[in-house]
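Descriptive analysis of the structure
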Amino acid sequence: MTNGAVYDFLRDCQYSMIKKLVLGIVVGFFFVFMSFESINLKGVATGLKAAKPFYLVFTLSILILIEASRSKLLGSSDCLVS
């Protein structure tokens with residue numbers, strides 16, 4: 001493989017991983033929405049206002065890392081086959 005071919009291969013793998021990451025996040029949000037459809041949103045908003053910002057940022061960071069690692073794990077097989 002030449003340098004250009006390697007670059008194209010890696011770029012395609014990254015694009016594939018990003019597509020799967022976005023798809024996983026969208027599907028996840030859909031199922032979360034369906035799970036919490038009958039929840040009182042005003043009560044949730046009140047609870048979020050009372051929460052400490054550090055814990056919200058920490059939790060969102062963990063969720064993003066989980067989705068990224070899941071997409072890397074499930075999406076890496078496409079990049080290994082040449």
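Residues numbered from 1 in each chain as written. Predicted model: local features only at pLDDT ≥ 70, side-chain atom pairs only at ≥ 80, totals over all residues. Heavy atoms only, no water.

**A look at the overall build of the protein**
Along the protein, the regular secondary structure elements total three helices and zero strands. Each helix and strand of the protein, ordered N terminal to C terminal, gives the series α-α-α. Considering the protein as a whole, with its 82 residues, one finds that 7% of them fall into the buried category. (Helix = DSSP H or I, 4+ residues; strand = E, 2+ residues; numbered from the N terminus. Buried < 20%, exposed > 50% of the residue type's maximum accessible area, 1.4 Å probe, protein only.)

**Some words on the packing of aromatic side chains**
Across all of its chains, the model carries three aromatic pairs by this definition. Judged by centre distance (5.4 Å) and plane angle (65°), the rings of Phe30 and Phe31 are edge-to-face. You can call Phe30 partly exposed: its relative accessible area is 46%. Classification of Phe31 as exposed rests on a relative accessible area of 51%. Here a set of aromatic residues connected by ring pairs shows up, and it is made of Phe54, Tyr55 and Phe58. (Phe/Tyr/Trp six-rings, centres within 6.5 Å; stacked < 30°, edge-to-face > 60°.)

**Topic: helix H2 (residues 41–50)**
Burial runs low along H2: only zero of the ten residues are buried. For H2, the capping residue at the N-terminal end is Asn40, with a side-chain oxygen 3.2 Å from the backbone nitrogen of Lys42. (Polar contact = N/O pair within 3.5 Å; in protein donor to acceptor, adjacent residues only side chain to side chain.)

**Some thoughts on the layout of surface pockets**
One number sums up the size of the largest pocket: a volume of about 280 Å³. Elements with a minimum of two residues in the lining of the largest pocket: helix H1 (3–35) and helix H3 (53–80). Broken down by element, the lining of the largest pocket gets its largest block of residues, five residues, from H1. Residues that form the lining of the largest pocket fall into these classes: six nonpolar, two polar and one charged. (1 Å grid on protein atoms, 1.4 Å probe; cavity = no way out; pocket = protein on both sides within 12 Å on 5 of 7 lines; lining within 4 Å. Points joined across faces, edges and corners; volume = space filled by probe spheres on them. Nonpolar A, V, L, I, M, F, W, Y, C, P; charged D, E, K, R; others polar.)

**Notes on the pattern of salt bridges**
Pairing between side chains of opposite charge can happen when the charged atoms of each approach one another. In this structure the tally under the stated criterion is one salt bridge. Ionic pairing is found between Arg70 and Glu67, a salt bridge with its closest N-O pair at 3.2 Å. With a gap of three residues between them, Arg70 and Glu67 both fall in helix H3, about one helical turn apart. Since its relative accessible area comes to 43%, Arg70 is described here as partly exposed. (Salt bridge = Lys/Arg side-chain N within 4 Å of Asp/Glu carboxyl O.)

**Concerning the side chain of Glu67**
For Glu67, a relative accessible area of 18% gives the class buried. Here the side chain of Glu67 touches Arg70 through a polar contact of 3.2 Å, side chain to side chain.

**Here's the deal with the environment of Ile18**
Relative to the helices and strands, Ile18 resides in helix H1. Separated by 50 residues in the primary sequence, Ile18 and Ala68 place their C-alpha atoms 8.7 Å from one another.

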